[in-house]
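# Remarks on the overall topology
So you can see what is in the structure, the chains are spelled out below.
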Amino acid sequence: MGEAKDPTWYRPVCDILLAKMQRWFDMYERGDEAASRKFVTMNGRIVDKVTMYAHRMQFKPLEIDHLIRLLHALAEHQELTIDFTKVRHGMKNGRLYPGGFYEVTLNFYKQDIAEILDVLQRAKSGKLKTVSDVAKEQAESGKGAFEL
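These lines cover the structure that appears in this document, whether it is placed above or below. (Residues numbered from 1 in each chain as written. Predicted model: local features only at pLDDT ≥ 70, side-chain atom pairs only at ≥ 80, totals over all residues. Heavy atoms only, no water.)

### Considerations on the overall build of the protein
Of regular secondary structure, the protein possesses five helices and four strands. Each helix and strand of the protein, ordered N terminal to C terminal, gives the series α-β-β-α-α-β-β-α-α. In summary, the protein has a C-alpha radius of gyration of 19 Å against a globular reference of 15 Å for 148 residues, an excess of more than 25%. Seen through its principal axes, the protein has C-alpha atoms that stretch 50 × 50 × 30 Å. Counting across all 148 residues of the protein, residues that qualify as buried make up 31%. Considering only contacts in the protein between residues 6 or more positions apart, those separated by 24 or more positions represent 67%. Carbon and sulfur atoms provide 54% of the accessible area of the protein, an area that totals close to 10000 Å². The averaged location of the 21 negative side-chain charges in the protein is 4 Å from the averaged location of its 23 positive side-chain charges. (Helix = DSSP H or I, 4+ residues; strand = E, 2+ residues; numbered from the N terminus. Rg over C-alpha atoms; globule rule 2.2 N^0.38 Å. Buried < 20%, exposed > 50% of the residue type's maximum accessible area, 1.4 Å probe, protein only. Contact = heavy atoms within 4.5 Å. Areas by Shrake-Rupley, 256 points an atom, 1.4 Å probe, with all protein chains shown as cover. Lys, Arg positive; Asp, Glu negative; His and termini not counted. Charge placed at Lys NZ, Arg CZ, Asp CG, Glu CD.)

### Considerations on the packing of helix 2 (residues 61-74) against helix 4 (residues 110-125)
Orientation of helix 2 relative to helix 4, taken along the N-to-C sense of each, is 90°, at an axis distance of 10 Å. Considering the angle they form, helix 2 stands roughly perpendicular to helix 4. Side by side, helix 2 and helix 4 meet where Leu67, Leu70, Leu71 and Leu74 of the first sit next to Ile116, Val119, Leu120, Arg122 and Ala123 of the second. Residue composition of the contact of helix 2 with helix 4, by class: eight nonpolar, no polar and one charged. (Axes fitted to C-alpha atoms, helices over the stretch in contact; angles between N-to-C directions. Parallel < 35°, antiparallel > 145°, perpendicular 65-115°, else oblique. Nonpolar A, V, L, I, M, F, W, Y, C, P; charged D, E, K, R; others polar.)

### Re the pairing of strand 4 (residues 101-108)
Burial along strand 4 is one-sided: the face carrying Tyr102, Val104, Leu106 and Phe108 is buried and the face carrying Phe101, Glu103, Thr105 and Asn107 is not. Alignment of strand 2 (residues 46-59) against strand 4, held across seven bridges, turns out to be antiparallel. The residue bridging Gln58 from the neighbouring strand is Glu103, located in strand 4. Here strand 3 (residues 95-97) pairs with strand 4 via three bridges, running antiparallel. Counterpart to Leu96 in the pairing with strand 4 is Tyr102. (Pairing = 2+ DSSP bridges.)

### Looking at the layout of surface pockets
One number sums up the size of the largest pocket: a volume of about 220 Å³. Around the largest pocket, the lining residues are Lys20, Arg23, Trp24, Met27, Gly31, Asp32, Ala54, His55, Arg56, Met57 and Gln58. Listed by contribution, the elements that provide at least two residues to the lining of the largest pocket are helix 1 (13-26) and strand 2. Residues that form the lining of the largest pocket fall into these classes: four nonpolar, three polar and four charged. (1 Å grid on protein atoms, 1.4 Å probe; cavity = no way out; pocket = protein on both sides within 12 Å on 5 of 7 lines; lining within 4 Å. Points joined across faces, edges and corners; volume = space filled by probe spheres on them.)

### Considering the environment of Arg69
Here Arg69 is to be found in helix 2. With relative accessibility at 18%, the residue Arg69 sits in the buried group. It is 8.9 Å that separates the C-alpha atoms of Arg69 and Thr8, two residues lying 61 residues apart in sequence. The contacts of Arg69, once residues within four sequence positions are left out, are Asp6, Pro7, Thr8, Tyr10 and Cys14. In terms of polar contacts, Arg69 uses its side chain to reach the backbone carbonyl oxygen of Thr8, at 2.9 Å. (Polar contact = N/O pair within 3.5 Å; in protein donor to acceptor, adjacent residues only side chain to side chain.)

Printed below as a string of structure tokens:
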């Protein structure tokens, strides 16, 4: 069957995790170039544009475990859960810092980080359903979008 989905917010671990993810999102363009793609400019020139940045970040294994648990419970797409599970398994190969932090390199698109932030903010606020989930439930029950 699979394990039960648990969107419980644990302080202070999840608060620290949310702060790290927000900082990662804010500083995204300051990372190392990880992937680029050719684009055509308005005047017809072909240029390489960076599409993904790599970041070295420090996490405790417990923080990644909580992130995986929340992504499993609330993320629309489980690819991020699978990716962070791989990160968790590879953490022991990373560099260990004082305090039990492991340095890992993360290569994700900015949209992925935005989805992670959305999941963390919904878990913290307790609003576990997305707007599309509510709209789907309304449509299935035969009600209009703004009916109660």
